[in-house]
Amino acid sequence: MRNLAKTVFFSLLVILAFAGFANFVVPQLQPAAPPEDEVLDLSAMTMDQFVALGGRVVEGKGTCMLCHNEVGGRAPPLSETVAQIPVRLADARYEGSATDSASYLYESMLEPSAFVVAGFGKAGSGDTESPMPNVSGSSIGMSEAEILAVIAYLQDLGGEDISVEIPEDAGAAAEDEEEEDGEGREPFETVEEIIDEFTCGACHMVAGEEGDLGPNLNAIGGSRAHDYLRRAILDPNADIAEGFEADLMPDDYGEQMFASELEMLIDFLAGLQGEGSEP
Amino acid sequence: MRISSRSARKRRNVIVAVGAFMMLALLLLAVAANLTGLEISPAFAEETAAAASAEGESAYAPPPRLSAEDYPRVGNISSRAIVWLAAQLHLWFAAFVLAVPIFVFIIEAIGMYTRDERYDKMAYEFIKVSITAYSLTAILGGLLLFSLILFYPDLWGYLTTVFKDTMFYYALLFFAESAILYIYYYGWNWLQGDFRKWLHLTLGLMLNAVGTVLMFLANSWITFMMSPAGVDAAGVFSGDAWAAMHNHLWNPINIHRVVANVAFGGSIVGAYAAFKFLNATTPEEKAHYDWMGYNANFIAISALLPLPFAGYYLTAEIYAYSQQMGITLMGGVFAWLFIIQAVLIGSLFLSANYYLWCGMGRSDGAERYNKYVKWLALGIVGAFLVWFTPHTLVLTNAELKALGGPYHKILGPLGIMPAKNTAVNVMIVLTSLSFMYYRRSNKIATVSWVAIGNAAQIALFTAGLFNIFFLGIYHGYFTNTVYKVAASIPQVMTTLIIIVASMVLDRFIYRGAKEVAPLRWGRVPARAQYALFLLAVAFTWLMGLMGYIRSGIRQHWHVKDIMRDASVDAQTPTMGYAANMVSLGVIIFFVMVIFVFWLSQVSGKKSLAPGYWKAG
Ligand code: HEM
């Protein structure tokens, strides 16, 4: 028993030492919070604010500084990019389609491998493949407006005239996107709201609506089960209802809806057995 | 082996041949079963997909987009903490029960080869400890499953759409593993003697084959979450289960885990032996458990030596998969984690070496070498300090501001990779030197060329260390960044050559050597046993810490870039929080381990209760 007590005490001491080291010797840095989309009101933005937005994206959501910093030497510093663009475009290896600074920056962000700065390619690719991800892809997930803002910021940073414009109707577009995006809003509470918001009724007869581009859904639950309905909504072209056209129904509901909404909607549809359309 | 008559030798040869053949056949069968299993599954998936589309349905749904409301909550309990603990405890026990059969198999084979029954007894005792742990592994696996389904239903749902097939095979393999394990353990004393012993060893081999495949399956699920494959950009599964399994980080993690598990398993049975040693009452018992602890430590160090290389390979593959992920791992906030890792690994090397040095007291002949020990200690501590020096920290701007600068204030030049590689290699070479002194401690070489042999050993170590230093310094400080890592491979090769060549050379020098003084098992100070405890605790803690970083580098994703974590716990916690969770886990783990040790002890006890049973 004495030995047990001694070994337990010793082990606890060791654990305590490790925990203490991790808590008190190592600085407690809070890892970055998950990025959140800013609510953009571009219509009311001045160019200065637009440039500032670009700066925030570069330092935050864009994770650009992870690679583009002086210390690590893993990517060329962004402060010098603009000055280098004429050199890049004149490079014998350049085969992209950019013609000026804005289009080069745009291409660099969306197709990083279109031109790879010498010495920075993925190991073994002979500078044909860039380690930089496409910034609109899901790992960074920048919107068109944010990409333009970054271009404005980089041009400003390099002391060049800004050649992009704040997107025209982007004010409205961005807000729309915000809403569809699902992130800037609370999930809807009722099926009626969901059907209304996602305009199912524009094409379907359902919940009192009278659309006729798609099949009548008022009795859909009688012939179709949950799994089928889920697929029909998430991936409409997987199976085309007879007599109707493919590619008509939006295929991005999966991205727009919260999971809870989807489930509610499917339950509702599955419960529609005919006769009166209201459940 | 002492085989007297020719006919006996002939019979032995037949048995060896038959046994080897059977093992090979079973191994091939196991491999074939797995291969067809894997090949069947995509084909099978295609069939089901085809069948589904024939009915006008396609088979797989993309992961849903989640909000915080989609995560069920139970009171104020942190769901992440529960799943974290359940997963980590399951992993610890699983690592243990999968590792023990690996070295039990080897020890049993050594016993059969040397016909020294002590090995057989020790192997049996090891497997006995892992039997109770096996049930706990299953219970904890159930707990993990339950808490995942309860707290992360959508994630679980998505993973099952991709891994339905492999989960099915996992369950099958689990049953197979249990069946073989029980026959292996309960049949140990029954399956003794020439032919039966081979049969038993074959069972051990099958146990390991099944166990390894089992772990590889589970590994594919976690690596899928880090480096998804077999799905499109929206996460819709292609139906090819093999592609999803064979994702980019699968093999690097498989390798790192197999090796780390053996080291971890060795350290846990080492703690078992140490505990038994401290409580032993007779000299025989003391001798037995001393010997067992020595072997456990030997297993742990042998697996520890290649681990850094497996670790660097894993890192390289993470960078190759995604540079963002690689930088998140080695730079930014996690850079500090590797300082903690260095402290832990330093503790491992120091305690393992310390145990060896204490063990030299088992023979009076060791006094000849005592004077070298302090130099070894100094060298290892020095190497440890260099390794411990922080990397140049690559940080985000906010983190830079919080720290006040990109470089750690102390010793910038020692923080770079070539310096660290050099330090690791030096540590490993010095540990192998400790081993050499230990092996020599009770012997005197009798071959005529001893002096030349020793000079050759000295030359080997000196030249090797010189080469390691030269490569590190030259590539670290006199070439530009691109070539900095170029040193690591020749350094590793040098280290391996030193270890192998010095072992072979010593074998020849000590051929037919005289014993100066016998090895007296049991003559070892109690503090050596505490080194074994330190080894076990540090290993367990290290595993927990690395589990945190493995999950942490996915950041706010359940499945990287495909399924976002929208729960309230999406943000990666601080190092301190993680350390506290890991510590809590380690404490629970050891409470359970003590329970397991205790059970294996009571199972051998018998209380006499005179007068209780009616006289028959
Ligand atoms: C002496 C060197 C090393 C030792 C002793 C060591 C030990 C361990 C151990 C015990 C585990 C737990 C294994 C398991 O879960 O079964 C682990 C996991 C891990 N190690 Fe290492 N390691 C070493 C080097 C490295 C290096 C250099 C890296 C990369 C920077 C690394 C990265 C990881 C990662 C990411 C994991 C988590 C993967 C997993 O859960 O399987 N290790 N290591």
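Because the structure is a prediction, the values reported are computed rather than measured. (Residues numbered from 1 in each chain as written. Chains lettered and ligands numbered in written order. Predicted model: local features only at pLDDT ≥ 70, side-chain atom pairs only at ≥ 80, totals over all residues. Heavy atoms only, no water.)

Visitor: Report on the overall build of chain B, specifying residues and quantitative values.
Guide: Each helix and strand in chain B was counted, giving 19 helices and four strands. The contacts in chain B between residues at least 6 apart in sequence include a share of 84% that link residues at least 24 apart. Counting every atom, chain B has about 27,100 Å² of accessible surface; 69% of that belongs to carbon and sulfur. (Helix = DSSP H or I, 4+ residues; strand = E, 2+ residues; numbered from the N terminus. Contact = heavy atoms within 4.5 Å. Areas by Shrake-Rupley, 256 points an atom, 1.4 Å probe, with all protein chains shown as cover.)

Visitor: Outline helix H18 (residues 526–552) of chain B, listing residues and values.
Guide: For H18 of chain B, spanning 27 residues, the distance from its first C-alpha to its last is 39 Å, which sits close to the expected 39 Å at 1.5 Å a residue. In terms of burial, H18 of chain B is a largely internal element, 22 of the 27 residues being buried. (Expected span 1.5 Å × (residues − 1). Buried < 20%, exposed > 50% of the residue type's maximum accessible area, 1.4 Å probe, protein only.)

Visitor: Explain the environment of Met226 of chain B residue by residue, including any values.
Guide: Residue and element names in this part refer to chain B. As for its placement among the helices and strands, Met226 is situated in helix H5 (residues 194–226). On the accessibility criterion, Met226 (2% relative accessible area) is buried. In this structure the C-alpha to C-alpha distance between Met226 and Gln555, which are 329 residues apart in sequence, comes to 9.9 Å. Residues within four places of Met226 in sequence aside, it is in contact with Leu249, Ile253, Tyr321, Met325, Arg550, Ile553, Arg554 and Lys560.

Visitor: I'd love a proper account of the coordination of the iron atom of the ligand, names of residues and values included.
Guide: When only protein atoms are considered, the iron atom of the ligand has one donor, His256 of chain B (NE2), at a distance of 2.3 Å. As for its placement among the helices and strands, His256 of chain B is situated in helix H7 (residues 250–279). (Donors = N, O, S within 2.8 Å, 3.2 Å for Na, K, Ca; no water.)

Visitor: Describe the interface of chain B and chain A, naming the residues involved and giving the relevant values.
Guide: It is common to report an interface's size as the accessible area lost on association of the parts. Chain B puts 61 residues into the contact, and the matching count from chain A is 55 residues. Joining chain B to chain A, the criterion identifies four residue pairs in polar contact (both at pLDDT 80 or more). Sorting the residues of the side of chain B that touches chain A by element identifies H7, helix H9 (307–321), helix H10 (323–330), helix H11 (335–359), helix H13 (397–403), H18 and helix H19 (575–602) of chain B as the ones contributing at least two each. In terms of residue class, the side of chain B that touches chain A is made up of 37 nonpolar, 17 polar and seven charged. (Polar contact = N/O pair within 3.5 Å; in protein donor to acceptor, adjacent residues only side chain to side chain. Nonpolar A, V, L, I, M, F, W, Y, C, P; charged D, E, K, R; others polar.)

Visitor: Account for the site of the ligand, naming residues and giving values.
Guide: All names here are of chain B. His256, Arg257, Asn261, Thr315 and Arg550 are the nearest of the 22 residues found near the ligand. Take Arg257: an N or O atom from its side chain is 2.6 Å from an oxygen atom of the ligand. Within the side chain of Arg550, an N or O atom sits 2.8 Å from an oxygen atom of the ligand. Of all the secondary structure elements, the ones that give two or more residues to the shell around the ligand are H7, H9, H11 and H18. Looking at the shell around the ligand, its residues break down into 15 nonpolar, five polar and two charged. (Near = heavy atom within 4 Å.)

Visitor: Can you break down empty space enclosed by the protein residue by residue, with the values?
Guide: One pass over the structure, following the stated rule, counts five cavities of 30 Å³ or more. The space that makes up the largest cavity amounts to roughly 560 Å³. In terms of lining, the largest cavity is formed by 32 residues, of which the most central are His68, Pro76, Leu78, Ser108 and Met132 of chain A. Secondary structure elements with two or more residues in the lining of the largest cavity: helix H3 (64–67), helix H4 (81–90), helix H5 (101–110) and helix H6 (144–157) of chain A together with H10 of chain B. Looking at the lining of the largest cavity, the element that brings in the most residues is H5 of chain A, giving four residues. When grouped by side-chain class, the residues that make up the lining of the largest cavity number 22 nonpolar, eight polar and two charged. (1 Å grid on protein atoms, 1.4 Å probe; cavity = no way out; pocket = protein on both sides within 12 Å on 5 of 7 lines; lining within 4 Å. Points joined across faces, edges and corners; volume = space filled by probe spheres on them.)

Visitor: Tell me about the packing of helix H2 (residues 79–114) of chain B against H7 of chain B, and name the residues and values.
Guide: Residues and elements named next belong to chain B. Following both chains from N to C, one finds H2 and H7 inclined at 85°, their axes separated by 8 Å at the closest point. Classified by the angle between their axes, H2 and H7 sit roughly perpendicular to one another. Contact residues: H2 offers Leu91, Trp92, Ala95, Phe96, Ala99, Val100, Ile102 and Phe103, while H7 offers Arg257, Asn261, Val262, Phe264, Gly265, Gly266, Ile268 and Val269. A breakdown of the residues in the contact of H2 with H7 according to their chemical character gives 12 nonpolar, three polar and one charged. (Axes fitted to C-alpha atoms, helices over the stretch in contact; angles between N-to-C directions. Parallel < 35°, antiparallel > 145°, perpendicular 65-115°, else oblique.)

Visitor: Break down a negative patch on the surface for me, citing the residues and quoting the values.
Guide: Taken together, the side chains of Glu186, Glu189, Glu192, Glu193, Asp196, Glu197, Glu209 and Glu210 of chain A together with Glu69 of chain B present a region of like negative charge at the surface. Examined against the element boundaries, Asp196 of chain A turns out to sit in helix H8 (residues 191–197). With a relative accessible area of 52%, Asp196 of chain A lands in the exposed category. (Patch = residues over 30% accessible without salt bridge, like charges linked within 9 Å, V, L, I, M, F, W, Y side chains within 5 Å. Salt bridge = Lys/Arg side-chain N within 4 Å of Asp/Glu carboxyl O. Lys, Arg positive; Asp, Glu negative; His and termini not counted. Charge placed at Lys NZ, Arg CZ, Asp CG, Glu CD.)

Visitor: Got a sec to walk through the packing of aromatic side chains? Specific residues and values, please.
Guide: Two aromatic rings, taken as a pair, are described by how far apart their centres are and by the angle between their planes. Per the counting criterion, the structure on display carries 36 aromatic pairs over all chains. Taking the centre distance of 5.1 Å and the plane angle of 75° together, the rings of Phe10 of chain A and Tyr530 of chain B count as edge-to-face. Highlighted residues: Phe10 of chain A in helix H1 (residues 2–25) and Tyr530 of chain B in helix H18, drawn from two different chains. For Phe10 of chain A, a relative accessible area of 22% translates into the label partly exposed. Given a relative accessible area of 17%, Tyr530 of chain B falls into the buried group. Geometrically, the ring pair formed by Tyr182 of chain B and Tyr186 of chain B is stacked, given 6.2 Å between the ring centres and 25° between the ring planes. Taken together, the positions of Tyr182 of chain B and Tyr186 of chain B, both in helix H4 (residues 153–186) and four residues apart, correspond to about one turn of that helix. Clustering of aromatic rings is evident, with ring pairs tying together Tyr124, Tyr134, Phe174, Phe175, Tyr182, Tyr184, Tyr185, Tyr186 and Trp188 of chain B. A cation over a ring is seen here: Arg118 of chain B above Trp291 of chain B, with NZ or CZ 4.2 Å from the ring centre. (Phe/Tyr/Trp six-rings, centres within 6.5 Å; stacked < 30°, edge-to-face > 60°. Lys NZ or Arg CZ within 6 Å of the ring centre and 35° of its normal.)

Visitor: Please provide a residue-by-residue account of the pattern of salt bridges, values included.
Guide: Under the criterion given, the structure shown has 10 salt bridges over all chains. Measuring nitrogen to oxygen at the nearest pair gives 3.7 Å for the salt bridge that ties Lys122 of chain A to Glu129 of chain A. Judged by its relative accessible area of 30%, Lys122 of chain A falls in the partly exposed class. Residue Glu129 of chain A is classed as partly exposed on the basis of its relative accessible area, which comes to 39%. With a shortest N-O distance of 2.8 Å, Glu263 of chain A and Arg230 of chain A are connected by a salt bridge. Highlighted residues: Glu263 of chain A in helix H12 (residues 259–270) and Arg230 of chain A in helix H10 (residues 226–234), separated in sequence by 33 residues. With a relative accessible area of 33%, Glu263 of chain A lands in the partly exposed category. Connected through shared salt-bridge partners, Glu108, Asp120 and Lys197 of chain B make up one network.

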